[in-house]
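Here is how the chains run, residue by residue.
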Protein chains: 2
Amino acid sequence: MVESDSEYEGPNYPTLEATKPGEKPRVVVLGSGWAACRFLKGLDTRLYDVVCISPRNHMVFTPLLASTCVGTLEFRSVAEPVSQIQTALAKDPNSYSFLAACTGVDTDKHEVYCETVGDGKLSQEPYHFKVSYDKLVIASGSEPLTFGIKGVKEHAFFLREVSHAQDIRKRLLLNLMLSQNPGISEEEKERLLHCVVIGGGPTGVEFSGELSDFIMRDVRQRYTHVKNYIRVTLIEANEILSSFDVGLREYATKHLTKCGVRLVRGVVKEVHANKIVLSDGSEVPYGLLVWSTGVGPSEFVKSLNLPKSQGGRIGVDEWLRVPAAEDVFALGDCAGFLEQVGRPVLPALAQVAERQGKFLVELFNRIGKQDAGKALCAKDMPLGDPFVYKHLGSMASVGRYKALVDLRQSKDAKGLSLAGFVSWLIWRSAYLTRVMSWRNRFYVAINWATTLVFGRDNSRI
Amino acid sequence: MVESDSEYEGPNYPTLEATKPGEKPRVVVLGSGWAACRFLKGLDTRLYDVVCISPRNHMVFTPLLASTCVGTLEFRSVAEPVSQIQTALAKDPNSYSFLAACTGVDTDKHEVYCETVGDGKLSQEPYHFKVSYDKLVIASGSEPLTFGIKGVKEHAFFLREVSHAQDIRKRLLLNLMLSQNPGISEEEKERLLHCVVIGGGPTGVEFSGELSDFIMRDVRQRYTHVKNYIRVTLIEANEILSSFDVGLREYATKHLTKCGVRLVRGVVKEVHANKIVLSDGSEVPYGLLVWSTGVGPSEFVKSLNLPKSQGGRIGVDEWLRVPAAEDVFALGDCAGFLEQVGRPVLPALAQVAERQGKFLVELFNRIGKQDAGKALCAKDMPLGDPFVYKHLGSMASVGRYKALVDLRQSKDAKGLSLAGFVSWLIWRSAYLTRVMSWRNRFYVAINWATTLVFGRDNSRI
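Residues numbered from 1 in each chain as written. Chains lettered and ligands numbered in written order. Predicted model: local features only at pLDDT ≥ 70, side-chain atom pairs only at ≥ 80, totals over all residues. Heavy atoms only, no water.

- Looking at an unreviewed UniProt entry, one finds chain A named NADH:ubiquinone reductase (non-electrogenic) and attributed to Rehmannia glutinosa.
- Database annotation for chain A, UniProt heading Cofactor (unreviewed entry): "FAD". (UniProt positions renumbered as here; feature names shortened; annotations may be inferred.)

Printed below as a string of structure tokens:
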């Protein structure tokens, strides 16, 4: 029995009951990110019914999220409804999509406990229910690391959800407007328009690049009173883009600097409403603070009473099974190889999650065809080859029609690495082909074209 | 001296000081709606500097707002930044756009008092400042009428701003998702999915039409579990579309009914969290309540110590001047002819506001050329012909590729009135030509085309 430390395991909760003999087996998927959606997309729904449980009814195309903050892309272009990715969720009477958070798992009873995410508009709040599974796939993702620093959650913005991007955009435009008011001191103007980004990985670099694009092109044209005050500072503890080829790192550094981004090596010690304090004691006043450091296990994962990998993720074997619990699998950011597997925990990357999603859904379709989809049927089934991750390369935009493409398979390998405008074209085309639906591919292309011709949109909505 | 009943007329507030001799006269415009933006668009900025003060930095293309709630159009397509409508606000060092609400006017000193609209992120909250004007144009709009009924503001949605449309959309998608949860009773499911619209004018009718489109086309395809539960009820005290030709009204009634909208004649007496009560005592449970009755004077207008028209709007003469205060003009929903003018107060329509905006800006450009733009210079200037409103016709969509076009100049005139698909084409083309910028025309056309091909988008963002 694996329960979270919560008080509501009441057996009286409404339940989506277990499937009966003769009915299709039910796969319950927790999550709506890269891993979950790649899995959902490929699942053969002639073999399985599927239930998706997530507080979010859409997938976020995270590599393009930074572009939405400054209006290069529209928010809707980077979101794909889960029910479009797997249409059985929309159409099949025995498949369901629940807007809820999972609060606990009973691996003996093969049940998950859920709590609805709502507005306070159901007659009883919060609403609890249970869902029985034949197979459970945990792909619930990760949370940003705040290193125990107070003030991060209250004052900084993360950049992982569309709502984050929307809030960042609103704050940015608000600060631009407010800084124009009569009587604002020079000091206050500089503070309001100082955008500080913490974390020099692809997210932080892409956002800094987009922001500097926005400043150099749009702010200059549309905010005449304050265009000389707005600045971007990127603070990183070590090297920016540390997983990229050293030549590309130098290129990124030069390019960002040329675009006016101030690169600072430092460690954040304190976060206050109007300033941060670094470990060397220096104070950095800011108007907008974006926190894009690494990620770690979520509260939900921490609460699960399952063996964990190094770093605290749900422990899995080479087939992404949770050995301690039959019929439970885990993948993506929330999962990591157990020590006894003898392989390092993979980085928390979209690419890893997607590859794992593909591997696992192919495994499920195989065992489903062998009638091992139902609960407690797959224990001794041969599962085929284990999962092997092959890094296809990394890409990051640095703004202003320039990007980096690093096609080496690992940090020490040789291989192709490109930078510049051609890379930017590759970056954009790759994303266009990988976006989940024709509708969004169309929208993204249109957005980019429109921004090119008309400039970014800056209605504060 | 005309001040609102507020406590902060402090002379120490930061001030945008009065223009000096030799400098261009400054026009201060309060508002960012139809009247304000039509005025701003046409203002000759070689003659005037301009300051726009509004809590909103964009204009909302209200006829298309209903379409954004269900995803036919994107929110951004119906919003136009004020600084794009009048580029001097973006580029000219002596023109300004302030994100603030006006709290009072000192007509002797020629000053307006302002309070910033923000997030609580300025060092002092709230932030007050003053702006001196040579000429003041009050176009601050109106507020929805709630007839003193408790609960409207807490539980119902208005449909006048993009944020309203966003909230309606989120709630609608949330209710669709929540109603699918295990264990939800039939009664609760029906309540959650009952969308009730109060007010049978164009806004209410258009929204009901869009909603029934959404249900018949998208919900049917994407929400298999609840598609038979979702319903739309439109409640109107008198006749729907009462300003339209009677034949068109009958057409609209038939068409809405055919699309599944239940038309109810009734008067709302009470509004509670989960139900409304009509004056005949009947109770109507709802999951989504949209309040689109008429509009009336805002709190700001009520607070101004100026003579008012019938209905409580700021009183103006036939040249849209406020006779009691030199250099002050008012137009749009917030203004109405004084009784002594002998003309009826015009309806609160976008068309009226736009015509008035055009009239007034042409007047301003004329007197500006005669060097009467500065304060206290235009008192005896001949102003030309007074404003005359000529109704060009009314249009309303009723959903499902059908619309009404009523080209009569008044309720009792004869004239062309059309209904059906051709009208729908006219409705859509008219809006395309009237949207303020090429960018948005492009976006609107693309949105419509995409919805036609791919269906509406229903990510809950």
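Quick word on helix α1 (residues 34-42) of chain B
Then, number 1: Within α1(B), 7 of the 9 residues are buried, which leaves it mostly tucked inside the rest of the structure.
Then, number 2: Of all the positions in α1(B), only B:W34, B:A35, B:A36, B:C37, B:R38, B:F39 and B:L40 are classed as buried. (Buried < 20%, exposed > 50% of the residue type's maximum accessible area, 1.4 Å probe, protein only. Helix = DSSP H or I, 4+ residues; strand = E, 2+ residues; numbered from the N terminus.)

Focus on the relation of the copies chain A and chain B
Then, number 1: Take chain A, turn it by 180 degrees, move it 0.0 Å along the axis, and it overlays chain B with an RMSD of 0.0 Å. Each copy turns onto its partner about a two-fold axis.
Then, number 2: Both copies present the same face, since 100% of the interface residues in chain A are matched by interface residues at the equivalent positions in chain B. (Least-squares fit on C-alpha atoms with pLDDT ≥ 70 in both. Contact = heavy atoms within 4.5 Å.)

Here's the deal with the nonpolar core
Then, number 1: With 125 residues, the main nonpolar core has B:I53, B:V112, B:V131, B:I138, B:F207 and B:F364 as its most contacted residues.
Then, number 2: Sequence-distant contacts of B:I53, that is, excluding residues within four places in its chain, are made with B:V28, B:V29, B:L30, B:G31, B:F98, B:A100, B:V112, B:C114 and B:V131.
Then, number 3: Residues A:F39, A:A79, A:I230 and A:A252 belong to the second largest nonpolar core, which totals 124 residues. (Core = buried A, V, L, I, M, F, W, Y, C linked by side-chain atoms within 4.5 Å.)

What to know about unusual backbone geometry
Then, number 1: Positive phi, normally seen in glycine, also occurs at A:F147, with a value near 55 degrees.
Then, number 2: Among the secondary structure elements, A:F147 is positioned in the loop between β10 (142-144) and α5 (152-155).
Then, number 3: Unlike most non-glycine residues, B:H110 shows phi in positive territory, near 60 degrees.
Then, number 4: Mapped onto the fold, B:H110 is located in the loop between β6 (96-106) and β7 (111-116).
Then, number 5: For B:H110, a relative accessible area of 7% gives the class buried.

Observations concerning the confidence of the model for chain A
Residue and element names in this part refer to chain A.
Then, number 1: The predicted model of chain A has a mean per-residue pLDDT of 87, with 85% of residues at 70 or higher.
Then, number 2: Taken together, the stretch residues 1-8 has pLDDT below 50 and engages in 24 contacts with residues farther than four places along the chain or on a different chain.
Then, number 3: Quick note on the complex model: pTM equals 0.86, ipTM equals 0.81. (pLDDT = per-residue confidence, 0-100.)

A few points about the sheet that holds strand β16 (residues 283-285) of chain B
Residues and elements named next belong to chain B.
Then, number 1: Ordered by their spatial adjacency, 3 strands build an open sheet running β14-β15-β16, and the pairing between neighbours is antiparallel. In this open sheet, the two strands that pair with only one neighbour each are β14 (268-271) and β16. Averaged over all pairs of adjacent strands, the angle between strand axes in this sheet comes to 25 degrees, irrespective of strand direction.
Then, number 2: In this structure, β14 lies alongside strand β15 (residues 275-278), joined through 3 bridges in antiparallel fashion. Looking at the pairing, E270 lines up with V277 of β15. (Pairing = 2+ DSSP bridges. Axes fitted to C-alpha atoms, helices over the stretch in contact; angles between N-to-C directions.)

Some thoughts on the packing of helix α1 (residues 34-42) of chain A against helix α11 (residues 350-369) of chain A
Helix-helix packing: each pair is described by the crossing angle between the helix axes and the interaxial distance.
Residue and element names in this part refer to chain A.
Then, number 1: Closest axis-to-axis distance for the α1/α11 pair is 7 Å, and the angle between their directions is 30 degrees. Considering the relative orientation of α1 and α11, their crossing is right-handed. Counted together, W34, A35, R38, F39 and G42 of α1 and A350, A353, E354, G357, K358, L360, V361, F364 and N365 of α11 form the full contact between these two elements. (Left-handed = near helix turned anticlockwise from the far one by under 90°.)

Quick look at the packing of aromatic side chains
Residues and elements named next belong to chain A.
Then, number 1: Per the counting criterion, the structure on display carries 16 aromatic pairs over all chains.
Then, number 2: Here W34 and F61 contribute two aromatic rings whose centre-to-centre distance is 5.2 Å and whose plane-to-plane angle is 45 degrees, an arrangement assigned as tilted. Note that W34 is positioned in helix α1 and F61 in the loop between β4 (58-60) and α2 (65-69), a separation of 27 residues in sequence. F61 shares its class with W34; the two are buried. (Phe/Tyr/Trp six-rings, centres within 6.5 Å; stacked < 30°, edge-to-face > 60°.)

As for the state of the cysteines
All names here are of chain A.
Then, number 1: If you walk through the whole model with that rule in mind, you get 0 disulfides over all chains.
Then, number 2: Of all cysteine sulfurs in the structure, the one in C37 sits closest to C52, which takes part in no disulfide; the separation is 6.7 Å.
Then, number 3: Owing to a relative accessible area of 2%, C52 belongs among the buried residues under this scheme.
Then, number 4: Here C195 is not disulfide-linked; the sulfur of C69 is the nearest cysteine sulfur, at 11 Å. (Disulfide = S-S within 2.5 Å.)

Side note on the packing of helix α6 (residues 162-178) of chain B against helix α8 (residues 202-222) of chain B
Residues and elements named next belong to chain B.
Then, number 1: Where α6 meets α8, the axes come as close as 14 Å, and the angle between the chain directions of the two elements is 35 degrees. Once α6 is placed against α8, the crossing between them reads as right-handed. Two secondary-structure elements touch here, α6 through I168, L172, L173 and L176 and α8 through F207, L211, F214 and V219.
Then, number 2: Class assignment of the residues belonging to the contact of α6 with α8 gives a composition of 8 nonpolar, no polar and no charged. (Nonpolar A, V, L, I, M, F, W, Y, C, P; charged D, E, K, R; others polar.)

Structural notes on the environment of B:P14
Then, number 1: Position of B:P14 relative to the elements: it lies in the segment before β1 (15-16).
Then, number 2: Exposure remark for B:P14: the relative accessible area of 23% places this residue in the partly exposed category.
Then, number 3: A sequence separation of 115 residues divides B:P14 from B:F129, and the C-alpha atoms of the two residues are 4.9 Å apart.
Then, number 4: Contacts of B:P14, omitting those with residues within four sequence positions, involve A:P182, A:G183, B:Y127, B:H128, B:F129 and B:K130.

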